[in-house]
Amino acid sequence: MVLRETTEKIRMEARLRTAHNQLQTMIDAMPSALVGLAPDGTITHWNTAAGLMFGLEAAEALGRPLTDIRALFPEPAGLIEECLKNRRPTASRRFNRVTEGSTSHYELLVYPLDSGDETGAVIRVDDATERVRLQEIMVQTEKMMSVGGLAAGMAHEINNPLGGVVLGAENILRRLSPDLEPNRRAALAQGTDMTVITGYLEQRKVVPLVEGVLESGLRAARIVADMLAFSRSGHSEFTPTLLNELLDRTVALAANDYDLKKQYDFRHIEIVRDYDPGLGPVVCQVNKIEQVILNLLKNAAQALAGRPRPADEPPRITLRTGVEGDLARVEVGDNGPGMDETTRRRVFEPFFTTKPVGVGTGLGLSISYFIITDNHRGRLSVDSQPGEGSRFIIHLPFSGPGSRRAGKGSDPPPGEDE
């Protein structure tokens, strides 16, 4: 009889252990951080997600009062007390944590555990960082859509008076030139000559002022033209294009770009070309691919401008083409400061930028990613390490997006490696 009872007790204990292990396995499998509390606020459960989220193992947390780790767990004051008092779940509350300069967002809920006379609680914490970021992106996108429509209308309205400013500055410079016979005749008719007038203009530095007006007007005209180009909904044609020639044309455009010349001295950056001479034509939207390459060149120039370097290591951008499987491959690399892992993973996100306010919008690389992956059904990725420069890699199908979706089902999300 005693032996039978002992055996039954052993079986019961084994079943309880199995049930406990199964329950713990289920709790640990939850993606949310789950923390169980006794009525006195002592931690009774601490699942794997909680350990990963707060950097504290279960053995270190179990049996301790929650108040001991309040720095890790900054739940709103009175939230748990409110749940225990009313014996109903609390509304979701959000709190933030800043670690290594990065802000993470969390949502916290408290559920009562009523076991008769005493009431404990379960705290659930979810990482809401990506959801918050997506919400911010959606808000920013709506703003940009509104601004885009407004910009198109403003560009049309600005074009006419801006054209008058440019034309007027050009005419002033012509009518101040001592080389034109009509100017000399008009000066003599007024009892003077162009030598006297030119001397006055040089002494008062009038011509450089007018040239500055003309240069600023032309720059504004280019900005307006870019605004109009971005606002147009039309799609350019897909045509067979030799990528080696396209890269050379884009480098020439970059060398004459106002911002690149004035701010980043692009003309003093060494351009290394490592082209595959046998690379055949790729069917693409030429102006769109030029825009992508120009964006990558601008980003490389900006990165190189911010990095001090030894005299024997000049700033360098390397352009490389080739074939990888059934895709054309284009690389744009630099020997700049490179990126850390966090920046590398987020570099294609809309509105993400490491530049100061007013210097960059964070849209250049995200637009480039969209052009390559959506318009051309290709791939765009980045390879970078701090202190080792960055390398952007483009893969494009030779036949264009009409025949098939290159890499369908395996395209990496923005910021991830292939």
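Structure shown above.
Remember, it's a predicted structure, so these values are computed and weren't measured experimentally.

Engineer: So, the overall build of the protein: which residues are in play, and what are the values?
Structural biologist: A count of helical and extended segments in the protein gives 13 helices and twelve strands. Counting over 418 residues, the protein shows a buried share of 35%. With the model as given, the accessible surface of the protein reaches about 24500 Å², and the carbon-plus-sulfur share is 56%.

Engineer: Describe helix α13 (residues 364–375), naming the residues involved and giving the relevant values.
Structural biologist: Between its terminal C-alpha atoms α13 stretches 16 Å, which fits the 16 Å expected from twelve residues at 1.5 Å a residue. Those residues of α13 lying buried are Leu365, Ser366, Ser368, Tyr369, Ile371, Ile372, Thr373 and Asn375. Its buried side turned inward, α13 meets α11 (286–305), β11 (379–384) and β12 (390–397). Count one or two residues on from α13 and you reach Arg377, which has phi positive near 55°.

Engineer: Mind laying out the nonpolar core, listing which residues take part and the relevant values?
Structural biologist: With 37 residues, the main nonpolar core has Phe266, Ile293, Leu297, Ile317, Leu319, Phe348 and Ile394 as its most contacted residues. Contributions of two or more residues to this core are made by α9 (243–255), β8 (282–284), α11, β9 (316–324), β10 (327–334), α13, β11 and β12. No other element matches α11, which puts nine residues into this core. Beyond its immediate chain neighbours, meaning those up to four positions away, Ile394 contacts Val292, Ile293, Leu296, Ala328, Arg329, Val330, Ile372, Arg379 and Leu380. Counting residues in each nonpolar core, the second largest holds 22 residues, with Met53, Cys83, Phe95 and Leu108 among its members.

Engineer: Please give an account of the environment of Leu66 that cites residues and values.
Structural biologist: Here Leu66 is to be found in the loop between α3 (58–61) and α4 (79–86). As for Leu66 and Val35, which are separated by 31 residues in sequence, their C-alpha atoms are 9.5 Å apart.

Engineer: An account of the sheet that holds β12 is needed here, citing residue identities and associated values.
Structural biologist: Read from one edge of the open sheet, five strands run β7-β9-β10-β12-β11, paired in mixed fashion. Each having just a single partner strand, β7 (270–274) and β11 make up the two edges of the open sheet. Across the sheet, the axes of successive neighbouring strands diverge by a mean angle of 15°, strand direction being ignored. Direction of pairing for β7 relative to β9: parallel, over a ladder of five bridges. Paired with Arg273 across the bridge in β9 is Leu319.

Engineer: Go over the pairing of β9, please, and point to the residues and values.
Structural biologist: Bridge analysis of β9 against β10 gives eight bridges, and the strand direction is antiparallel. Paired with Ile317 across the bridge in β10 is Asp334. In this structure, the hairpin formed by β9 and β10 is closed by a connection of two residues, where Gly325 is found at a positive phi of approximately 65°.

Engineer: Which residues make up the pattern of salt bridges, and what values do they have?
Structural biologist: Counting across every chain of the model gives 15 salt bridges. Across the salt bridge formed by Asp274 and Arg320, the nearest N and O atoms sit 2.8 Å from each other. A residue pair is termed long-range when its members are at least 10 positions apart, and Asp274 in strand β7 and Arg320 in strand β9 qualify at 46 residues. What makes Asp274 partly exposed here is its relative accessible area of 36%.

Engineer: Tell me about the environment of Asp276, residues and numbers included.
Structural biologist: Locating Asp276 in the fold gives a position in the loop between β7 and β8. On the basis of relative accessible area, Asp276 is assigned to the partly exposed category, the value being 25%. Counting along the chain gives 32 residues from Asp276 to Asn244, while the straight-line C-alpha distance between them is 8.0 Å. Contact partners of Asp276, with chain neighbours within four places excluded, come to Asn244, Thr321, Gly322 and Val323.

Engineer: Before we move on, can you summarise the packing of aromatic side chains with the specific residues and values?
Structural biologist: Taken as a whole and judged by the stated rule, the model has two aromatic pairs. Look at Phe348 and Tyr369: their rings are 5.2 Å apart centre to centre, the planes differ by 40°, and that puts the pair in the tilted class. Note that Phe348 is positioned in the loop between α12 (341–346) and α13 and Tyr369 in helix α13, a separation of 21 residues in sequence. Assessed through its relative accessible area of 2%, Phe348 is described here as buried. Judged by centre distance (6.1 Å) and plane angle (75°), the rings of Phe348 and Phe392 are edge-to-face. With Phe348 in the loop between α12 and α13 and Phe392 in strand β12, this pair connects stretches of sequence that are 44 residues apart. Judged on exposure class, the residue Phe348 and its partner Phe392 are both buried. An aromatic cluster of three or more residues is present, and its members are Phe348, Tyr369 and Phe392.

Cut-off values and rules
- Residues numbered from 1 in each chain as written.
- Predicted model: local features only at pLDDT ≥ 70, side-chain atom pairs only at ≥ 80, totals over all residues.
- Heavy atoms only, no water.
- Helix = DSSP H or I, 4+ residues; strand = E, 2+ residues; numbered from the N terminus.
- Buried < 20%, exposed > 50% of the residue type's maximum accessible area, 1.4 Å probe, protein only.
- Areas by Shrake-Rupley, 256 points an atom, 1.4 Å probe, with all protein chains shown as cover.
- Expected span 1.5 Å × (residues − 1).
- Contact = heavy atoms within 4.5 Å.
- Core = buried A, V, L, I, M, F, W, Y, C linked by side-chain atoms within 4.5 Å.
- Pairing = 2+ DSSP bridges.
- Axes fitted to C-alpha atoms, helices over the stretch in contact; angles between N-to-C directions.
- Salt bridge = Lys/Arg side-chain N within 4 Å of Asp/Glu carboxyl O.
- Phe/Tyr/Trp six-rings, centres within 6.5 Å; stacked < 30°, edge-to-face > 60°.

So yeah, pure geometry; function would need other evidence.
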